[in-house]
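# Remarks on the overall topology
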Amino acid sequence: MDAPVPPEPTGAEDPARFFDRLGPSYGSRYQGTDRFHRYYFHERMEKAVRGLDLRNGSVLDIGSGTGDLYGVLSARFPGMQFLASDVSAGMLEHSLVPPAQRLLGRIYEHKLGDARFDAIFMLGVSTYMGRDELERNLAFAAAHLAPTGKFIITFTNAHALDTWLRTLAKGLLGNRAGAGGNVLSSGMKIHRYAYATIKSMLEPHFRITGWDTLNHTVFPFNRILPGPSVAAAKRLSRRQGAPAWLRFLSSDLLVHTALR
């Protein structure tokens, strides 16, 4: 049985402005010397694209950031067509995605006609979306997914031990909007979703084909002792599925879906 959901802190920082500031350095944080960020990025990316064959396929990345998914997929599938969207102009300005393949703003505000994509991704994006905004994005993804396409999305896990400890730390830090370059010390409102809630949101639009758990480290030990934390997390990462005990030790959930 899942643990209770921790209280959700409020905040005033606008996600677009926050990520605009991070744009120039955001891509490098996952490829540099920081062991935790490097582990976090590579695990999420590997599980998100595992088993996909996108040769000559079309991909939509909602909340593409600086285009790290494009970097991974374009190297594997050079014939792929890729479209990136983000609400942050600063992120898109420093994106790996060619300028002609970028869309600024909310994806549902763009008219894509009858375009259908073989894969649609929303990685690390729902954390900054309230329920109504998330529902609009889910409906858009369902409307533009090819009949045999895959929709892959991640959520911050409301029932994780890491979530509880971060919420406690943020309460102690207070909302210092604009402080530094991390979410914890920003004033953004963070949205966390429980396993059952995720299912109830996705199932009207999609058929869930698989679950993955992500980031089996716990704050603040993943920052204080990144080596041991990452080593233990990698062992847990080999576990299949998303049983309740593993969800408790996983800060994020990744869901693989197809159209119903």
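The text that follows walks through the structure, step by step, so that each part is easy to find. (Residues numbered from 1 in each chain as written. Predicted model: local features only at pLDDT ≥ 70, side-chain atom pairs only at ≥ 80, totals over all residues. Heavy atoms only, no water.)

### Focus: the overall build of the protein
Scanning the protein from terminus to terminus reveals 10 helices and seven strands. In the protein, the proportion of contacts linking residues at least 24 apart, taken out of those at least 6 apart, comes to 75%. (Helix = DSSP H or I, 4+ residues; strand = E, 2+ residues; numbered from the N terminus. Contact = heavy atoms within 4.5 Å.)

### Remarks on the sheet that holds strand E3 (residues 102-104)
Read from one edge of the open sheet, seven strands run E3-E2-E1-E4-E5-E7-E6, paired in mixed fashion. A strand with exactly one partner marks an edge of an open sheet, and here the two such strands are E3 and strand E6 (206-214). Each adjacent strand pair in this sheet contributes to an overall mean axis angle of 15°, direction not counted. Looking at chain direction, strand E4 (residues 117-122) and strand E5 (residues 145-156) are connected through five bridges and run parallel. Note that in E5 the partner of Phe117 across the bridge is Leu145. Contacts from helix H3 (residues 68-76) reach strand E1 (58-62), strand E2 (81-86) and E4 within the one sheet, and its direction differs from that of E2 by about 175°. Against the sheet, helix H5 (residues 131-143) contacts E1, E4, E5, E6 and strand E7 (252-259), and its axis sits at roughly 155° relative to E5. (Pairing = 2+ DSSP bridges. Axes fitted to C-alpha atoms, helices over the stretch in contact; angles between N-to-C directions.)

### Remarks on H5
Between its first and last C-alpha atoms H5 spans 18 Å; for 13 residues at 1.5 Å apiece the expected length is 18 Å, and the two agree. Among the structural elements, E1, E4, E5, helix H7 (195-202), E6 and E7 are those in contact with the buried residues of H5. (Expected span 1.5 Å × (residues − 1).)

### Focus: the environment of Met91
Here Met91 is to be found in helix H4 (residues 89-93). Taking the C-alpha atoms as reference points, Met91 and Gly65, separated by 26 residues in sequence, lie 5.1 Å from one another.

### Overview of the nonpolar core
Core analysis: the largest hydrophobic core is formed by 30 residues, its most contacted members being Leu134, Phe151, Ile153, Phe155 and Leu202. For this core, the secondary-structure elements that each account for two or more residues are E1, E4, H5, E5, H7, E6 and E7. If you tally residues by element for this core, the top one is H5, at five residues. Once residues lying within four places of it in the same chain are set aside, the contact partners of Phe151 are Ile120, Met122, Leu138, Ala141, Leu145, Leu202, Phe206, Val255, His256 and Thr257. (Core = buried A, V, L, I, M, F, W, Y, C linked by side-chain atoms within 4.5 Å. Buried < 20%, exposed > 50% of the residue type's maximum accessible area, 1.4 Å probe, protein only.)

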